[in-house]
Amino acid sequence: MNVVLAELSKLRTLPLTGFTVAGILACTALLAAADQAVDIIMYVQAGFVLLGIIPVAHEHAGRQFGTTLIAVPARGRLLVAKSLATAVVMALTAAATAVLGGAERPVGAAAYLVFIGLFAYAVAVVVRQLIPALVGMLSLILIVSPVLADHGRWLPDRAAAELYQGSATIGALGALAWVALIGAVATVQFLRRDL
Amino acid sequence: MITIDQLVKRRGSRTVLDNVGFTARPGRVTAFLGPNGAGKSSTLRILLGLDRADDGHALFDGRPYRTLPDPLRTVGSMLEGSGAHRSRTARNHLAWVARSNGIPRRRVAEVLAEVGLAADARVRVAKYSLGMGQRLGIAAALLGEPQILVLDEPVNGLDPEGIRWIRRLLRDHADAGGTVLLSSHLMTEVADVADDLVVIANGRIVTTGTVTEVTSGYADLEEAFFALTGVTR
Amino acid sequence: MNALKAELYKASTLPAVWAGFALTVVGCIALEVLLASQGDVTGTDSLPMGTVGAAVIGVVAFSSEYTANSADAGGGRQITTTLTTTPSKTRVLLTKALTIVILIVLSAVVAMPVAVGIARPDVPADELLTSCLGATLYWVLSGLLGFAITVVLRNGVIPLILLILNSSLVSVSLLLTKLTSLAYWLPDLAGRRLFGSGVRTVDSGLDAVPGGLVMAGWAVLLCLLAGFVFARRDA
């Protein structure tokens, strides 16, 4: 529990986290106020990608990860605590976004945003650095997914989008499958790698 | 008591550590000496559970670092500077470190005062000088009031006053019964404070012993260092 | 000329630049293969992927100058070295911009023939050529925009998010067109027609030639602004 609180304290005292959350909520409010027939979720998901990457990438911008591992050398415990802290921040922001944005299916929309954020988080655990994780995730959800159109229904973002666009059950299954896959890769990497 | 035994570390085809072994005892300051790239940091990183050894053990009172419960209460350590994210303040950095090991919050202010950063506690680490970053790293090491201290190049970047301060700190810690292990690439820098020397070169331990034992037979400390590490001038 | 050689060497030894290059080449080709396997062939659908690669090249070519080394290695930033070797800031920016253009054109030369070759679209060759040349111009201008914004902000994350977001279907500029048709004059929308008819594009807005000119104008304007800011700023 101490470790989860420490991870939450890390996120709270990092200015970039606050800016990202504020940015997401401000964009949502603006788009909702403009009252255009746009899918707000599609726009703000980029913010959730960043929000998922920050908890991991900030550790590797400099030498903080060394301090983290010295304070909590049990890597399994560290990963669980970090994932929980990230999920808490993500869930709160997603809930606020879904309500503020007046989503038709708020629970599904929030679940989709949490999924996108946690997927980005797992990708960041694997690649560690901010820019590659960000470029990779944004390319996937903003370029590859629309270009493949109907051929890309199995892609992580499209499978999970069913959560608020189609069948919640199929969406939940797809999201879980993708999280399990990338989560397993990330866990193995995290436990095995030096520093 | 720190016990390092038969440590082997390979990176690709290169053997970085080749059967490295030595001990650091309570009540004594042990200096781990060697030129850049000799294997000092690799040894300390394995000792602190950051990297995995291909063979051998590195133990604190018989236990590997990764199995210590709330390790900061047993071992205080500093590797390469502050180890803090640049956009956080010193106080916030130490606050999360303390929380992760259930260390009372009051310790943050106490260690900041102890290392002389009380006035800069609310300044972002990005604005710190090299010496201040070093002091912050030492503050994190002292946070859990540990019995054992492991410090990698602690005098790096410190001004003369800072160097005198850290020597006093390490001496007092050992005199109070604590174990101190510090690394350095300057023999002259540690000779005054260390009781025991461990010299490493090219991934192998070349000699261990008290300062007098290691340096006897050589004209001066530098001469001993160059002769032992095989660097010719 | 020596400064250009040095910049080219610097860029070619930077892994992040090669990552951008690979993103373009591998991204375009992989997408075309996937699309072709589904029987969907235009040969130019994958080209937005190159915009991302180009943006990465433009951004990292400059942001790498400001990444501080570890405290262990002295905590220095490469910009100090660059400016002591080439004290003229204008020349530093010009050679960097030129390097970015060369690298992006090179990535297009590698990626496009393969992507088009895989797709074998049923489109006249001259139309295909126009699309490819237009897309190359769009990539180059995107790279330069990314470069200029990075110089001004000394931060690579914001230009990357902006450029990737705006080269997608959920572009911020596209959203703005709902408020005012002036938004069609924003760089990313102005240049959209450069991709030709192959890419799912917006219905209204500027044609390819005037659009390309407007986008190029933006790139020149932002590069000038970058030059002004960079010259007045302490390293």
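Given the structure is predicted, the values throughout are model-derived calculations rather than measurements. (Residues numbered from 1 in each chain as written. Chains lettered and ligands numbered in written order. Predicted model: local features only at pLDDT ≥ 70, side-chain atom pairs only at ≥ 80, totals over all residues. Heavy atoms only, no water.)

**Comments concerning the interface of chain B and chain A**
- Contacts between the two partners involve 30 residues from chain B and, on the opposite side, 28 residues from chain A.
- Buried area between chain B and chain A, summed over both chains or domains, comes out near 2,500 Å², and the portion from carbon and sulfur atoms is 56%.
- Taken as a group, B:Leu50, B:Arg88 and B:Trp96 account for 26% of the area that chain B buries against chain A, more than any other trio of residues on that side.
- Applying the counting rule to chain B against chain A returns three salt bridges.
- One salt bridge in this structure joins A:Arg63 and B:Glu80, with 3.1 Å as the shortest N-O distance.
- Remark: the boundary between chain B and chain A carries 13 residue pairs in polar contact (both at pLDDT 80 or more).
- Here the element with the most residues in the side of chain B that touches chain A is helix α2 (residues 90-100) of chain B; it accounts for six residues.
- For the side of chain B that touches chain A, a count of residues per class yields nine nonpolar, eleven polar and ten charged. (Contact = heavy atoms within 4.5 Å. Buried area = accessible area lost by both parts, 1.4 Å probe. Salt bridge = Lys/Arg side-chain N within 4 Å of Asp/Glu carboxyl O. Polar contact = N/O pair within 3.5 Å; in protein donor to acceptor, adjacent residues only side chain to side chain. Helix = DSSP H or I, 4+ residues; strand = E, 2+ residues; numbered from the N terminus. Nonpolar A, V, L, I, M, F, W, Y, C, P; charged D, E, K, R; others polar.)

**Re the packing of aromatic side chains**
All names here are of chain A.
- Inspection of the entire model under this criterion finds eleven aromatic pairs over all chains.
- For the pair Tyr-112 and Tyr-164, a centre-to-centre distance of 5.3 Å together with 45° between the ring planes defines the contact as tilted. Here Tyr-112 is found in helix α6 (residues 106-127), whereas its partner Tyr-164 is found in helix α8 (residues 156-165), with 52 residues between them in sequence.
- In this structure Tyr-164 comes out as buried when scored by relative accessible area, which is 12%.
- A ring pair is formed by Phe-115 and Phe-119, whose centres lie 5.7 Å apart and whose planes are at 40°; its orientation type is tilted. Here the residue Phe-115 and the residue Phe-119 both occupy positions in helix α6, the gap between them amounting to four residues, near one helical turn. Judged on exposure class, the residue Phe-115 and its partner Phe-119 are both buried.
- Grouped by ring-pair contacts, the aromatic residues Phe-115, Phe-119 and Trp-178 constitute a single cluster. (Phe/Tyr/Trp six-rings, centres within 6.5 Å; stacked < 30°, edge-to-face > 60°. Buried < 20%, exposed > 50% of the residue type's maximum accessible area, 1.4 Å probe, protein only.)

**Notes on the state of the cysteines**
- A full pass over the atoms with the stated rule returns zero disulfides over all chains.
- Just so you know, C:Cys28 is unpaired, no disulfide at all, and the nearest cysteine sulfur is the one on C:Cys132, 9.7 Å from it. (Disulfide = S-S within 2.5 Å.)

**Examining the environment of C:Ala219**
Residue and element names in this part refer to chain C.
- Topologically, Ala-219 is positioned in helix α10 (residues 208-232).
- On a C-alpha basis, the gap between Ala-219 and Ser-142 in space is 7.9 Å, while along the polypeptide they are 77 residues apart.
- Among residues more than four places away in sequence, those in contact with Ala-219 are Leu-141, Leu-144 and Leu-145.

**Topic: the sheet that holds strand β1 (residues 2-11) of chain B**
Residues and elements named next belong to chain B.
- Reading across the sheet, the three strands line up as β2-β1-β4 and stay open at both edges, with antiparallel pairing between neighbours. Edge positions in the sheet fall to β2 (14-24) and β4 (55-60), since each has one partner strand and no second. Strand-to-strand twist of the sheet, defined as the mean angle between neighbouring strand axes without regard to direction, takes the value 20°.
- Pairing geometry for β1 and β2, over seven bridges, is antiparallel. When the bridges of β2 are listed, Lys-9 appears paired with Leu-17. (Pairing = 2+ DSSP bridges. Axes fitted to C-alpha atoms, helices over the stretch in contact; angles between N-to-C directions.)

**Quick look at helix α3 (residues 106-114) of chain B**
Residue and element names in this part refer to chain B.
- Among all positions of α3, only Arg-107, Val-108, Val-111 and Leu-112 are buried. Projection of α3 onto a plane perpendicular to its axis shows the buried side chains occupying an angular sector of 135°, all on one side. Of the residues in α3, the exposed ones pointing more than 90 degrees away from the buried face are Arg-106 and Ala-109.
- Buried residues belonging to α3 abut α2 and α4 (130-142). (Arc of directions from axis to C-beta.)

**Observations regarding the sheet that holds strand β5 (residues 75-78) of chain B**
Residue and element names in this part refer to chain B.
- Here we have six strands laid out as an open sheet, ordered β5-β6-β7-β3-β8-β9, and mixed in their pairing. Whereas interior strands pair on both sides, the edge strands pair on one side only; in this sheet they are β5 and β9 (204-210). Within the sheet, the average angular offset between the axes of one strand and its neighbour, ignoring direction, is 15°.
- Bridge count between strand β6 (residues 148-152) and strand β7 (residues 179-184): five bridges; the pairing is parallel. Bridge pairing in β7 places Asp-152 opposite Ser-183.

**Overview of the interface of chain A and chain C**
- The partner chain C presents 28 residues to the 22 residues of chain A that form the contact.
- For the pair chain A and chain C, the two sides together bury roughly 2,300 Å², of which 80% comes from carbon and sulfur.
- One can count one residue pair in polar contact (both at pLDDT 80 or more) joining chain A with chain C.
- Looking at the side of chain A that touches chain C, the elements that each hand over two or more residues are α3 (40-60) and α7 (130-148) of chain A.
- The greatest single-element share of the side of chain A that touches chain C, amounting to twelve residues, is contributed by α7(A).
- Here the residues of the side of chain A that touches chain C are counted per class, giving 18 nonpolar, three polar and one charged.

**A short note on the confidence of the model for chain A**
- Here chain A averages 91 in pLDDT, while 98% of its residues score no lower than 70.
- Across chain A, element-level confidence peaks in helix α5 (residues 75-100) of chain A with a mean pLDDT of 96 and bottoms out in α8(A) with 87. (pLDDT = per-residue confidence, 0-100.)

**Some words on the UniProt feature "transmembrane region" (unreviewed entry) in chain A**
Residues and elements named next belong to chain A.
- Mapped onto the present numbering, the UniProt feature "transmembrane region" (unreviewed entry) falls on residues 12-34, 40-58, 79-100, 106-123, 130-149 and 169-191.
- From the first C-alpha to the last, residues 12-34 spans 31 Å; its make-up is 91% helix and 0% strand.
- Annotated as 100% helix and 0% strand, the span residues 169-191 places its first and last C-alpha atoms 32 Å apart. (UniProt positions renumbered as here; feature names shortened; annotations may be inferred.)

**A short note on the UniProt feature "transmembrane region" (unreviewed entry) in chain C**
- In the UniProt entry, the feature "transmembrane region" (unreviewed entry) is given for residues 12-35, 97-116, 128-153, 160-186 and 208-231 of chain C.
- Taken end to end, residues 128-153 of chain C is 100% helix and 0% strand, and its two terminal C-alpha atoms sit 37 Å from one another.

**Describing the packing of helix α2 (residues 15-37) of chain C against helix α5 (residues 89-119) of chain C**
Residues and elements named next belong to chain C.
- One way to put it is that α2 packs onto α5 with a least axis distance of 9 Å and a crossing angle of 15°. By the angle between their directions, the pair α2 and α5 is classed as roughly parallel. As α2 runs across α5, the sense of the crossing is right-handed. Each of Val-17, Phe-21, Thr-24, Val-25, Cys-28, Ile-29, Glu-32, Val-33 and Ala-36 in α2 lies in contact with α5, whose residues at this interface are Leu-103, Leu-106, Ser-107, Val-110, Ala-111, Val-114, Ala-115, Ile-118 and Ala-119.
- Split by residue class, the contact of α2 with α5 holds 15 nonpolar, two polar and one charged. (Parallel < 35°, antiparallel > 145°, perpendicular 65-115°, else oblique. Left-handed = near helix turned anticlockwise from the far one by under 90°.)

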